[in-house]
Amino acid sequence: VSVDESQSGIPTSVALHQNYPNPFNPSTTIKYQLPEKSHVTLKVFDVLGRRVNVIASGMLRAGVSELAWNGKREDGGRAVGGVYFLKLEAAGVRRTARVVLLQP
């Protein structure tokens, strides 16, 4: 995965990289990049478009960073195995990635 960076080492665009491992169980790492400090939301949706969890919501720093999803729903219960979508919104940009949670 390449990272689009300026001379200063700060990314020049918003990006959501593929999570790893994928498929995963019990947790996965999500790498993203921001060109400037921004209000970010990173949410997980099921294939029917229902929100499963909010991984991040708030001001996050510029640069390349990582977050983790532990495969749980907002209510703390374990999400069922299957396909999910990550949706990153930052600086007026939306990015999505497909993730697969394996059954325990």
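### Quick look at the packing of aromatic side chains
- In total, this model carries two aromatic pairs according to the counting rule given.
- Pairing W69 with Y84 gives two aromatic rings, centres 5.5 Å apart and planes at 70°, and the pair type is edge-to-face. On the criterion of sequence distance, the pair formed by W69 in strand β5 (residues 63-69) and Y84 in strand β6 (residues 82-90) is long-range, its members being 15 residues apart.
- Look at W69 and you get buried, because its relative accessible area is 2%.
- On the basis of relative accessible area, Y84 is assigned to the buried category, the value being 5%.
- Ring-pair connections join several aromatic residues into one group, and the members of that group are F24, W69 and Y84.

### A closer look at the pairing of strand β2 (residues 28-34)
- Summarising burial for β2: five of the seven residues are buried, a large majority.
- With two bridges joining them, strand β1 (residues 15-16) and β2 adopt antiparallel strand pairing. When the sheet's bridge partners are listed, A15 is paired in β2 with Q33.

### Things to note about the sheet that holds β5
- One open sheet holds the three strands; their spatial order is β1-β2-β5, and the pairing between them is antiparallel. If you trace the sheet from one side to the other, it starts and ends with β1 and β5, each paired once.
- Note that β2 and β5 share seven bridges and pair antiparallel. Its bridge partner being in β5, Y32 is matched across the sheet by S65.

Here is what the cut-offs are and how they apply
- Residues numbered from 1 in each chain as written.
- Predicted model: local features only at pLDDT ≥ 70, side-chain atom pairs only at ≥ 80, totals over all residues.
- Heavy atoms only, no water.
- Phe/Tyr/Trp six-rings, centres within 6.5 Å; stacked < 30°, edge-to-face > 60°.
- Helix = DSSP H or I, 4+ residues; strand = E, 2+ residues; numbered from the N terminus.
- Buried < 20%, exposed > 50% of the residue type's maximum accessible area, 1.4 Å probe, protein only.
- Pairing = 2+ DSSP bridges.

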